[in-house]
Amino acid sequence: MIPILIGVTLLTFMLFNIFGGDPAQRFAGKHATVEQVQTIRAELGLDRSLPEQYLFFVKQIATADYGRSWASKQLISTMIGDGLGATLSLTVPAFFSSIVFCIGLALFAVWGRGTILDKGTVVTCLALLSISSLVYILALQYLLAFRTGIFPISGWDPSWIGRWQYLYLPWIILFVLSLGPNILIYRTVIMDEVFQDYVRTARAKGMSEQKVFAKHVLKNAMIPIITVIVIEMPFLITGSVLIENFFGIPGLGGTLIKALNDSDFPTIKAFTVISALTYMVFNLLADVLYSVVDPRVKLG
Amino acid sequence: MPTASSSSADVSTSIVAETEQSDRHQRRARNSLWWDAFFRFKRNKVGVISFFVIMLYIAVGILAAVGVLYPNAQVPNQVEAYTSMSWAHPFGSDIFGRDILGRAVHGITTAISIGLLASTLSLVIGLVLGAVSGYFGGKVDGFVVWLYTTVDSIPYILLIPSLTFVLGRGLINVFIAVGLTSWVTTARLVRGEFLKHKNRDYVMAAHAIGAGNNRKIFGHILPNVAHLAFVQFGLGFVAAIKIEVILSYLGLGVDPSQPSWGLMIDDAKNEIARPYWGNLTAATLFMFGLILSFNLFNDALREALDPKMKNK
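### Quick notes on the nonpolar core
Part 1: If you look at the biggest cluster of nonpolar residues, it comprises 119 residues, and the most contacted ones within it are Phe247 of chain A together with Phe165, Trp261, Ile265 and Phe286 of chain B.
Part 2: Here this core gets 13 residues from one element, more than from any other, and that element is helix α13 (residues 278-305) of chain B.
Part 3: The residue makeup of this core includes at least three contributed by each of domain 1 (2-63) and domain 2 (76-293) of chain A.
Part 4: One finds Val122, Cys125 and Leu184 of chain A together with Leu292 of chain B within the second-largest nonpolar core, a separate group that totals 33 residues.

### Brief notes about empty space enclosed by the protein
Part 1: For the coordinates displayed, the defined rule picks out three cavities of 30 Å³ or more.
Part 2: In this structure, the largest cavity encloses a volume near 100 Å³.
Part 3: Forming the walls of the largest cavity are Ile80, Ile237, Thr238, Val241, Leu252, Gly253, Leu256, Phe271, Ile274 and Ser275 of chain A together with Ile157 and Leu158 of chain B.
Part 4: Contributing elements (two or more residues each) for the lining of the largest cavity: α11 (235-238), α13 (252-261) and α14 (265-293) of chain A together with α7 (156-167) of chain B.
Part 5: Looking at side-chain class alone, the lining of the largest cavity contains nine nonpolar, three polar and no charged residues.

### As for the pattern of salt bridges
Residue and element names in this part refer to chain B.
Part 1: Applying the stated criterion to the full structure yields 10 salt bridges over all chains.
Part 2: A salt bridge links Asp141 to Arg191; its shortest N-O distance comes to 2.6 Å. Residue Asp141 is located in helix α6 (residues 138-153), and its partner Arg191 is located in helix α9 (residues 184-197); the two are separated by 50 residues in the primary sequence.
Part 3: Here Arg191 falls in the buried class, since its relative accessible area comes to 18%.
Part 4: When the shortest N-O distance is used, the salt bridge between Lys269 and Asp266 registers 3.8 Å.

### Focus on a nonpolar patch on the surface
Residue and element names in this part refer to chain A.
Part 1: A surface patch of nonpolar side chains, about 510 Å² in accessible area, is lined by Met1, Val281, Leu284, Val288, Val292 and Val293.
Part 2: Along the polypeptide, Val292 turns up in helix α14.
Part 3: By relative accessible area, which is 60% here, Val292 ends up exposed.

### Looking at the packing of helix α10 (residues 209-232) of chain A against α14 of chain A
Residues and elements named next belong to chain A.
Part 1: Closest axis-to-axis distance for the α10/α14 pair is 8 Å, and the angle between their directions is 165 degrees. Here α10 is positioned roughly antiparallel relative to α14, judged by the angle of their axes. In the crossing of α10 with α14, the sense of the turn from one axis to the other is right-handed. Here α10 contributes Ile223, Ile226, Thr227, Val230 and Ile231 to the contact with α14, which in turn contributes Phe282, Asn283, Leu285, Ala286, Leu289, Tyr290 and Val293.
Part 2: Of the residues in the contact of α10 with α14, the class split is 10 nonpolar, two polar and no charged.

### Some points on the confidence of the model for chain B
Residues and elements named next belong to chain B.
Part 1: Across chain B, the average pLDDT comes to 79, with 83% of residues at or above 70.
Part 2: Taking the mean pLDDT of every element in chain B, the minimum, 44, falls on helix α1 (residues 2-15) and the maximum, 90, on helix α4 (residues 45-65).
Part 3: A low-confidence stretch, residues 1-20 (pLDDT under 50), is modelled with 18 contacts involving residues beyond four sequence positions or located in other chains.
Part 4: This complex was scored by the predictor with a pTM of 0.81 and an ipTM of 0.79.

Parameters at a glance
- Residues numbered from 1 in each chain as written.
- Chains lettered and ligands numbered in written order.
- Predicted model: local features only at pLDDT ≥ 70, side-chain atom pairs only at ≥ 80, totals over all residues.
- Heavy atoms only, no water.
- Core = buried A, V, L, I, M, F, W, Y, C linked by side-chain atoms within 4.5 Å.
- Buried < 20%, exposed > 50% of the residue type's maximum accessible area, 1.4 Å probe, protein only.
- Helix = DSSP H or I, 4+ residues; strand = E, 2+ residues; numbered from the N terminus.
- Domains from an automatic or database assignment.
- 1 Å grid on protein atoms, 1.4 Å probe; cavity = no way out; pocket = protein on both sides within 12 Å on 5 of 7 lines; lining within 4 Å.
- Points joined across faces, edges and corners; volume = space filled by probe spheres on them.
- Nonpolar A, V, L, I, M, F, W, Y, C, P; charged D, E, K, R; others polar.
- Salt bridge = Lys/Arg side-chain N within 4 Å of Asp/Glu carboxyl O.
- Patch = residues over 30% accessible without salt bridge, like charges linked within 9 Å, V, L, I, M, F, W, Y side chains within 5 Å.
- Areas by Shrake-Rupley, 256 points an atom, 1.4 Å probe, with all protein chains shown as cover.
- Axes fitted to C-alpha atoms, helices over the stretch in contact; angles between N-to-C directions.
- Parallel < 35°, antiparallel > 145°, perpendicular 65-115°, else oblique.
- Left-handed = near helix turned anticlockwise from the far one by under 90°.
- Contact = heavy atoms within 4.5 Å.
- pLDDT = per-residue confidence, 0-100.

Structure below.
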């Protein structure tokens, strides 16, 4: 894990400080004078040597103190803390409700394997996947908010009670967006189990198909399903960038797009490292969990 | 597998028939995995139809690129701004009076070239790195695994915008950014296959008659794992087109002077409340047709190439 972390920091650092041209020049804009660029360079610590700057970056990560944003001069750790609440209140309900719904549908599809039920599910999922997520956002916002007025078009209330009314529509959109990929992946996982020997044995001893599914297939499929879910957990943090940007939700995604537009390097760098860390932690968790629930797997 | 090859030979006679060439096809069908896969693919109607739809898209894309179809799609015509549907403009015209159908047709060229270039780039990187690390093992393997785990740890929604942000916008930079970041799955799969194959008998036999590393990697093992590459290429193609649309929407994609479905959807953002649906409908329909055909084609291809599917 440590070598990967070094890799991530190195990659991020090189991307922005070496390949990206002079950060100070970028930040100052096209019309800045030479003196202005010099001042900015000194102010942001860009006049030091590259190894020095890299070590400083690593120190920031180790102490979880990412400094201040170039654009808003806010502390980046505060920005992330503020954004996290908004993002999670958007993603958590959509993520978990989608999992339950999609596993149910996938079970139905596998139940009707070889029939139109299964084929229809697969083709519908592929069709859902063939439309850009932007179109879902635009169309659903138009239909459910602008045209019919069921939900507010966009907006935000910082209080926990007041924000829900603005979140229903983004939830629906996130839910719809997750249908295609989720059903397909759970269907594949469950389908793998159906052809296993123990399922055939269960049927051979005269067990009803319902019981086979409930007692054997689903139970055993839960192992890979849990792994899939854990690996997808980082989605809770990075999965709603477009929707936050669209609905003006002040979460991490909205902050990130703003940072990209403002050439706000420290913020982008902090986000990259944090999301990579999240990804690594959940992958590790998936491995550990896998060996706990499946005794055949040994951690190497 | 006598039954499988004889049945595909039957299919070949009934379809190709007559000419002398069909004899050659038959003979090859008996002993080639690829012909076997081809005949299995041919029996899948959905796969064949989607293949022809993709070809149609490519043909239209080429015709648009050489200027036969809608040569004036990018020329503004302020007199005709926001006209509604008509025979001259089936999807109406946009804010600058440009024909939306023409823009969508030119969007095919952009989408296909990005899909093609980005997935070729990622395929080459993935194949080479996966092959080298799986074959040589040791330190090389360690390095490649470290490299792809690192790249994989950074979510693409961050990595690709950062990369295009650093490279600047434009068609070429989008495909470089997408290609440089999407090779991980290919590399991982190819590495796994090479680990399995490198100690098999046929590679040992090649070694025994004096084949070098290059010959063993490219001449012997690669053809046996190439089916993975085909499927990955298709998946990468679809992913690249979808990413381009989102990048263009975020203002990090192709240049605004280029026709692109993402830019059309971005325009539509301010138009659907008027309500003016031309841009959104055209871009969505064109994209839907291409991506859905590609998804179905990939599915059929995977089924045809996967020997395990034969008995199911």
